[in-house]
Amino acid sequence: MSQRTDHTPSDAQAPTTSGTFASLDPRTGAVLAEYPVHDAEHVAAAVARARDAAIWWADLGFDGRKKWLQKWKSAIASDARSLAAVISAETGKPIDDAILEIMLAVEHLDWASKNAGKVLKRRKVPSGMVSANQESTLGYEPYGVVGVIGPWNYPIYTPMGSISYALAAGNAIVFKPSELTPGVAVWLADKWNSLVPNQPVLQVVTGLGATGGALVAAGVDKVAFTGSGPTARKVMEACAKTLTPLVAECGGKDAMLVAADADLDAAVDFAVFGGMGNAGQTCAGVERIFVADEVYDPFVRKLTEQASRLRTGGGTGDSYGPMTLDRQNEVVRGQVEDALDRGARAVLGGRESVRHPYIEPVILGDVPEDSTAMTEETFGPIVAVNRMRDLDDGVDKANRSSYGLGASIFSKDRARALAAAERLRTGMVSINSVLGFAGVPSLPFGGVGESGFGRIHGADGLREFSRPKAVTRQKFRAPLNLLTMERKGRDMKIAEWLLRTMHGRD
Ligand code: NAD
């Protein structure tokens, strides 16, 4: 695994690069492989190739594309162990977590390919009384070439949330993965190219931030960005220059609300999974927990018991791996220190838990609302557990965040939980589980505020990568002919009468 290899993505013809960069195993620091830093010229050439492939791909139609996407799906699923090994080596996460991630990604690919036709095919829509002489239809067309820029924390699940839906909608893709996980992207593209070698419908360009910048500037028709808010702002600024549409999937500070009537054991189990799983490096992971006063103490006790049993390490049987992005340790350390300095209680672990490369679980209690552990994305195995009076109070507290990605609610009262879900300022809510929405392909995924905008997954995700096109066909001449320069006074009188009668009353 630590053997050094040079790897040029198979789509590259004569790569123009400005040097190479190494992907590392964060568990050991060992170099896994070298990748080219693709420059603007190379990226522009990839986009030009994609433009031709996009025509072939769009012309296949929904059924033709479904066949290829299903083949790709089978090829990924049947070789999942080899992909999991790459994910595990580049992120440091245990192999089981990598397999789970692949499983979810494949579920989405399957759903997108099977449902694109149903969601996007041209269909009749009502024309309304005034335009009753028109036959109205609505169809969705692909953009052409979509530039996908991905993060490292879920290097297949996250970008595939854009790639699968954009491909199913008929677009070609140029994918710039995170510089931490280029091997996963190259594996995916190689698998695609082994099936469809002559049509570069999915290409990978590798490099650092500048390569992502070059992709945004290369004339793509849409950008699907997943990453941090600060980078999203730069990407948006670049998109603004060419009015290129953007979907931005950014960070989160998800809250879990635990009502007094909740199944505490289940809530604790999910809190540990949602807060500490993947070493807390989950955009929609649990970072803030608000627990009803009556059950706060038993919840914290059970949470501490379960979290103490976690074992860090990147091997089989370990609970979670290292910080994939080395410098994130400093962010996590800063937040733990800030919280403790402002009076939070270290219920489990503390400053000393933040070690390199593994951070031990930290549970902070009664954390001041203005500390960075409550206001900023942590992206580490740290949870802050505060008190709430009831679900209403919890919703108010949860909503005091600039982020709004997901949230979870634990309560046996279905109606109250649903009402609280409606009031949460987030894109997604799970009741009596965490991240439940992430594995439901028919549900859209995305956030509000600092968590970004636009949606991947589900019918909305398919539409995100399509342009709606409205078409009317006049079936017969309108009895009330208003769209003429030779309008009759009588027709205008009837029009005014209709306006008053149809819309002028309460
Ligand atoms: P990042 O913002 O540092 O980088 C994301 C990607 O943008 C990388 O591929 C990077 O090379 C590229 N990039 C950097 N500068 C660029 C520029 N100027 N122009 C174009 N591209 C540029 O984020 P990261 O550290 O890779 O990922 C972690 C973040 O992603 C966290 O905030 C996490 O919450 C978020 N995330 C969100 C979701 C979601 O679906 N909402 C999913 C996973 C991760």
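Treat the numbers as computed from the prediction; the structure is a model and nothing was measured. (Residues numbered from 1 in each chain as written. Predicted model: local features only at pLDDT ≥ 70, side-chain atom pairs only at ≥ 80, totals over all residues. Heavy atoms only, no water.)

1. Quick word on the nonpolar core
Considering soluble globular proteins, one finds that nonpolar side chains tend to be buried as a cluster. One finds Trp72 and Ile76 to be the most contacted residues of the largest nonpolar core, which totals 64 residues. For this core, the element with the most residues is helix H4 (residues 95–120), which contributes eleven residues. Taken together, domain 1 (24–249) and domain 2 (255–441) each give at least three residues to this core, which thus spans both. For isoleucine 76, the contacting residues outside a window of four places in its chain are Leu83, Ile102, Val106, Leu109, Met160, Trp187, Leu188 and Lys191. In this structure, Val332, Leu340, Ile363 and Leu391 belong to the second largest nonpolar core, which totals 57 residues. (Core = buried A, V, L, I, M, F, W, Y, C linked by side-chain atoms within 4.5 Å. Buried < 20%, exposed > 50% of the residue type's maximum accessible area, 1.4 Å probe, protein only. Helix = DSSP H or I, 4+ residues; strand = E, 2+ residues; numbered from the N terminus. Domains from an automatic or database assignment. Contact = heavy atoms within 4.5 Å.)

2. Thoughts on the domain arrangement of the protein chain
For the protein chain, the domain assignment lists domain 1 (24–249) and domain 2 (255–441). Placing the centre of domain 1 and that of domain 2 at their C-alpha centroids yields a distance of 30 Å. Between domain 1 and domain 2, the residue contacts involve 18 residues of the former and 22 residues of the latter. Here domain 1 packs against domain 2, burying approximately 1700 Å² in sum over the two surfaces, 60% of which is carbon and sulfur. When the area that domain 1 buries against domain 2 is broken down by residue, the three leading residues are Arg27, Pro94 and Trp152, summing to 30%. Our count for the domain 1 to domain 2 interface comes out at zero salt bridges. Linking domain 1 with domain 2 are ten residue pairs in polar contact (both at pLDDT 80 or more), by the criterion used here. Those elements that provide at least two residues to the side of domain 1 that touches domain 2 are helix H3 (80–91), H4 and helix H5 (157–168). Residue composition of the side of domain 1 that touches domain 2, by class: nine nonpolar, four polar and five charged. (Buried area = accessible area lost by both parts, 1.4 Å probe. Salt bridge = Lys/Arg side-chain N within 4 Å of Asp/Glu carboxyl O. Polar contact = N/O pair within 3.5 Å; in protein donor to acceptor, adjacent residues only side chain to side chain. Nonpolar A, V, L, I, M, F, W, Y, C, P; charged D, E, K, R; others polar.)

3. Notes on unusual backbone geometry
In this model, histidine 356 is joined to proline 357 through a cis peptide bond whose omega is -5°. Structurally, the position occupied by proline 357 is in the loop between strand S12 (345–348) and strand S13 (362–365). In this model, alanine 279 sits at a positive phi of 55°, which is unusual for a non-glycine residue. Judged by its relative accessible area of 1%, alanine 279 falls in the buried class. Positive phi values are uncommon outside glycine, yet histidine 457 reaches one of about 70°.

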